[in-house]
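Overview (structure and organization)
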Amino acid sequence: TPTPTPAPTPTPTPTPVPPVAVATLTSCIGSTASFSSEGSANGTILWDFGDGDTSPDADPLHTFADGSWTVELKVTAANGDFVLDYVELSVPCPT
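Residues numbered from 1 in each chain as written. Predicted model: local features only at pLDDT ≥ 70, side-chain atom pairs only at ≥ 80, totals over all residues. Heavy atoms only, no water.

Observations concerning the overall build of the protein
Filter applied, for reference: Secondary structure elements are taken from DSSP: a helix is a run of H or I of four residues or more, a strand is a run of E of two residues or more, and numbering for both begins at the N terminus. Computation of the radius of gyration draws on C-alpha atoms alone. For the globule rule, the value is 2.2 Å times the number of residues to the power 0.38. Buried, partly exposed and exposed residues are distinguished by accessible area as a fraction of the type maximum, computed with a 1.4 Å probe on protein chains only: under 20%, between the cut-offs, and over 50%, respectively. Any two residues having at least one pair of non-hydrogen atoms within 4.5 Å are treated as being in contact. Residue exposure ignores everything except the shown protein chains as possible cover, and the areas themselves are Shrake-Rupley values with a 1.4 Å probe.
Tallying secondary structure elements over the protein gives zero helices and seven strands in all. Compactness check: the protein gives a C-alpha radius of gyration of 21 Å against a globular reference of 12 Å for 95 residues, more than 25% above the reference. The principal-axis extents of the C-alpha atoms in the protein amount to approximately 85 × 20 × 15 Å. Counting over 95 residues, the protein shows a buried share of 25%. Once local pairs closer than 6 in sequence are excluded, the contacts in the protein between residues at least 24 apart make up 46%. Summing over all exposed atoms, the protein offers an accessible surface of approximately 6,300 Å²; the carbon and sulfur share of this is 57%.

In structure tokens:
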């Protein structure tokens, strides 16, 4: 009689690594602010400046109209999970 072939061992599905979002205001001169996503990981970056403009850059510059702004950093993992972090600023920036 033939020897039965054992069933293959299933390959475990790797646990997804969660995304990390760290938004930092690095400088603000007049109405132009620079931001950093250093410390963010495990996903794609999208900044939302709260005025209709966005940027996929890791460390963008943005010019704002006068007022108070909440800037959002969204980091999205390959599986669709995402996390948010925020930076608040007032323009014109203090000198």
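Structure's up, so let's keep going.
With respect to the sheet that holds strand S4 (residues 54-55)
Going by this rule: Strand pairing follows a simple DSSP-based rule, namely that at least 2 bridges must link the two strands.
Spatially, four strands are ordered S4-S3-S6-S7 in an open sheet, and the strand pairing comes out antiparallel. Since the sheet does not close on itself, it has two edges, and those belong to S4 and strand S7 (82-91), each with one partner. As paired elements, strand S3 (residues 44-48) and S4 share two bridges and run antiparallel to each other. Bridged to Trp47 within S4 is Ser55.

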